[in-house]
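This is what each chain is made of:
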Amino acid sequence: MDFLNTTQARFWLFPDEDIGGVRKQNITEVRDSLSGDIAKHCLSEEEERMLAADYERRILDLCGSLNLPDKVAITALVYFRRFYLFKSMMRSDPSTLWASCVFLACKTEEHRVPIATFARTVGVEPSLLAARERELLAGIRFHLQIQAPHTAVRGLIAELGATGAEGVSPDLLPRVL
């Protein structure tokens, strides 16, 4: 499949300036909708970025603790970032959405984890996890397929290692990815 014809290329590729502008607009809209002293306590762009980084770390930690494949972790991170590209964390609480990103990524990448087991692991009620998953799906516009480069990079490293290219060995793979 030609990458430029994918939904990822058509709907989710933006110049860095556009992404910064969208995030700034989200925060401005939240501030404008509030009044008085409450508006002064809104998160700044930097604070939202730091909060997002914390939840992204949680996604990676959870995927690691559950021994989930890299593709699940990458997909969950992309879902999380896509969702909060057009929404402010002040409008949509990330405290359970991050877990929904991982659960949805497990399903998308065909790595079965029962909802009861997953919910118990992350300490979230299954019904809340399902509700947040529906919100997540709408927020990412039901675009579930992720074109991640790690598969191609792994193949390249494996091929270079198999051909005996200087300085490339198959044991390099875990350190790179």
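Because the structure is a prediction, the values reported are computed rather than measured.

Caption draft 1: Region of interest: the packing of aromatic side chains. Summed over all chains, the structure comprises 4 aromatic pairs. Ring plane angle 80 degrees and centroid distance 4.9 Å describe the contact between Phe83 and Tyr84, whose orientation is recorded as edge-to-face. Given a relative accessible area of 0%, Phe83 falls into the buried group. Here Tyr84 falls in the buried class, since its relative accessible area comes to 7%. Here Phe103 and Phe118 contribute two aromatic rings whose centre-to-centre distance is 5.2 Å and whose plane-to-plane angle is 40 degrees, an arrangement assigned as tilted. Here Phe103, found in helix α6 (residues 94-108), pairs with Phe118, found in helix α7 (residues 115-122); they are 15 residues apart in sequence, far enough to count as distant.

Caption draft 2: Broad picture of the state of the cysteines. A full pass over the atoms with the stated rule returns 0 disulfides. Of all cysteine sulfurs in the structure, the one in Cys63 sits closest to Cys106, which takes part in no disulfide; the separation is 6.6 Å. Accessibility expressed as a relative area gives 1% for Cys106, which makes it buried.

Caption draft 3: A look at α6. In this model, α6 (15 residues) spans 20 Å end to end at C-alpha, consistent with the 21 Å of a helix rising 1.5 Å per residue. With respect to burial, α6 is a largely interior element, 12 of its 15 residues being buried. Of all the positions in α6, only Pro94, Thr96, Leu97, Trp98, Ala99, Ser100, Cys101, Val102, Phe103, Leu104, Ala105 and Cys106 are classed as buried. Tucked inside the fold, the buried residues of α6 contact α4 (45-65), α5 (70-83), α7 and α8 (126-139). Downstream of α6 by one or two residues, Glu110 has phi in the positive range, about 55 degrees.

Caption draft 4: Structural view of the pattern of salt bridges. As enumerated under the stated definition, the model contains 6 salt bridges in all. Between Lys107 and Glu133 there is a salt bridge, with the nearest N and O atoms lying 2.9 Å from each other. Here the residue Lys107 occupies a position in helix α6, and Glu133 occupies one in helix α8, the gap between them amounting to 26 residues. The class for Glu133 is buried, based on a relative accessible area of 10%. Two residues, Arg132 and Glu135, come together in a salt bridge whose shortest N-O distance is 2.8 Å. Taken together, the positions of Arg132 and Glu135, both in helix α8 and 3 residues apart, correspond to about one turn of that helix. Linked through salt bridges whose partners overlap, the residues forming this network are Glu45, Glu46 and Arg49.

Caption draft 5: Up close: the confidence of the model for the protein chain. Counting all residues, the mean pLDDT for the protein chain is 83, and 79% of those residues have values of 70 or more. At the level of individual helices and strands, the protein chain shows its lowest average pLDDT in helix α10 (residues 173-176), which scores 50, and its highest in α6, which scores 96.

Caption draft 6: Spatial organisation of the nonpolar core. Core analysis: the biggest nonpolar cluster contains 35 residues, and Ile59, Tyr79, Phe80, Trp98, Val102, Phe118 and Leu136 have the highest contact counts within it. Where this core is concerned, the elements lending two or more residues are α4, α5, α6, α7 and α8. Ranked by residue count, the leading element in this core is α6, at 9 residues. Ignoring sequence-local partners within four residues, the contact set of Leu136 consists of Tyr79, Phe83, Leu97, Ser100, Cys101 and Leu104.

Caption draft 7: Fine view of unusual backbone geometry. A positive phi angle, near 55 degrees, is found at Glu110, a position not held by glycine. Note that Glu110 resides in the loop between α6 and α7. Phi is positive for Phe142, close to 60 degrees, though the residue is something other than glycine. Topologically, Phe142 is positioned in the loop between α8 and α9 (150-162).

What counts and how
- Residues numbered from 1 in each chain as written.
- Predicted model: local features only at pLDDT ≥ 70, side-chain atom pairs only at ≥ 80, totals over all residues.
- Heavy atoms only, no water.
- Phe/Tyr/Trp six-rings, centres within 6.5 Å; stacked < 30°, edge-to-face > 60°.
- Buried < 20%, exposed > 50% of the residue type's maximum accessible area, 1.4 Å probe, protein only.
- Helix = DSSP H or I, 4+ residues; strand = E, 2+ residues; numbered from the N terminus.
- Disulfide = S-S within 2.5 Å.
- Expected span 1.5 Å × (residues − 1).
- Contact = heavy atoms within 4.5 Å.
- Salt bridge = Lys/Arg side-chain N within 4 Å of Asp/Glu carboxyl O.
- pLDDT = per-residue confidence, 0-100.
- Core = buried A, V, L, I, M, F, W, Y, C linked by side-chain atoms within 4.5 Å.

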